[in-house]
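Read off the chains here:
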Amino acid sequence: HAEGLAERTGMLVVAPEFPRATYPGWRYNRGGVADDANVVQPPATWTYNLVPKIVDAVRRAEGKPLPWIGIGHSAGGQFVVRMAAFADHGAERLVAANPGSLLFPRTDWTFGYGFGGLGQPYEGEAWTRRYLRQPLTVYQGTADDRPDEDLDVSFEANRQGPARYQRGQAAFVYARSLAASKGWPFAWRLVTAGGVPHDHEKMFAHPAVMRALGLR
């Protein structure tokens, strides 16, 4: 479903598969940082470590030091937004499209809604500052503004907003305000696709995706 992006941009699209049986929510949506009991896992086991290996394999196959951009929709958007916080990814830009929940830069909310419970260094100010300077785009369809059967409706998620659109808006505003109050660099972007619901094909096809990817 991202083939159109390749055709419109001249980019190579690489779509790795993370089977649900091997990568349940805590290993995929949350990158393996902490398990279902919110016990922090060794960084060497995090799912995010696979991404640079995939990038390196593609570069070797193509024989070029290609720059790369990451984009994920829904659960993939959750993967991307938390990868921005925890991985040494080397991406030109990371695009989280319609994630069901986001990682707020706050320590009074438990992981994966905030950094709470992870301990140091993840609850430290230096880690938050690093997160806010990541090249992260929150990319949202404006019609993805009501719950559906796949939406996380836990208490922790609902504190972020009633649906994906509201949650992304709230996360961006909170992060921007925090960076401004501290005088920290802030590299996130907020891009909207007007009238698009929770539909990855429409998100990828919308003209706004070019701005989300940092290509316009």
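Residues numbered from 1 in each chain as written. Predicted model: local features only at pLDDT ≥ 70, side-chain atom pairs only at ≥ 80, totals over all residues. Heavy atoms only, no water.

A. Spotlight on the sheet that holds strand 4 (residues 189-193). The parallel open sheet is built from 4 strands, whose spatial order is 1-2-3-4. Lying at the two open borders of the sheet, with one neighbouring strand each, are strand 1 (69-73) and strand 4. Sheet twist, expressed as the mean angle between neighbouring strand axes with direction ignored, is 20 degrees. By the bridge criterion, 5 bridges tie strand 3 (residues 136-141) to strand 4 in an arrangement that is parallel. Looking across to strand 4, one finds that Val138 is bridged to Leu190. Each of strand 3 and strand 4 touches helix 6 (residues 164-182); the most contacted strand, strand 3, lies at about 150 degrees to it. (Pairing = 2+ DSSP bridges. Helix = DSSP H or I, 4+ residues; strand = E, 2+ residues; numbered from the N terminus. Axes fitted to C-alpha atoms, helices over the stretch in contact; angles between N-to-C directions. Contact = heavy atoms within 4.5 Å.)

B. Seen up close, the packing of aromatic side chains. Considering all chains together, one arrives at 18 aromatic pairs under this definition. Ring geometry for Trp46 and Phe86: centres 5.7 Å apart, planes at 85 degrees, overall edge-to-face. With a gap of 40 residues between them, Trp46 in the loop between helix 1 (3-9) and helix 2 (50-62) and Phe86 in helix 3 (residues 75-86) connect regions that are remote in the sequence. Joined through ring pairs, the aromatic side chains of Trp46, Phe86, Phe111, Phe115, Tyr122, Trp127, Tyr131, Phe172, Phe186 and Trp188 make up one cluster. (Phe/Tyr/Trp six-rings, centres within 6.5 Å; stacked < 30°, edge-to-face > 60°.)

C. Layout of helix 4 (residues 125-132). Within helix 4, burial applies to Trp127, Thr128, Arg130, Tyr131 and Leu132. The inward-facing, buried residues of helix 4 contact helix 3 and helix 6. (Buried < 20%, exposed > 50% of the residue type's maximum accessible area, 1.4 Å probe, protein only.)

D. Representation of the packing of helix 3 against helix 4. Helix 4 packs onto helix 3 with a crossing angle of 130 degrees between their chain directions and a minimal axis gap of 8 Å. Judged by the inter-axis angle, helix 3 sits oblique to helix 4. When you trace helix 3 past helix 4, the crossing you get is right-handed. The segment helix 3 lies against helix 4, with Val81, Ala84, Ala85 and Phe86 engaging Trp127, Arg130 and Tyr131. Split into classes, the residues belonging to the contact of helix 3 with helix 4 amount to 6 nonpolar, no polar and 1 charged. (Parallel < 35°, antiparallel > 145°, perpendicular 65-115°, else oblique. Left-handed = near helix turned anticlockwise from the far one by under 90°. Nonpolar A, V, L, I, M, F, W, Y, C, P; charged D, E, K, R; others polar.)

E. Here's a closer look at the pattern of salt bridges. If you walk through the whole model with that rule in mind, you get 7 salt bridges. In this structure, the salt-bridge partner of Asp108 is Arg106, at a minimum N-O distance of 2.8 Å. On the accessibility criterion, Arg106 (19% relative accessible area) is buried. For Arg146, the salt bridge goes to Asp145, with nearest N and O atoms at 3.1 Å. A single network of salt bridges, built from pairs that share partners, joins Asp144, Asp148 and Arg164. (Salt bridge = Lys/Arg side-chain N within 4 Å of Asp/Glu carboxyl O.)

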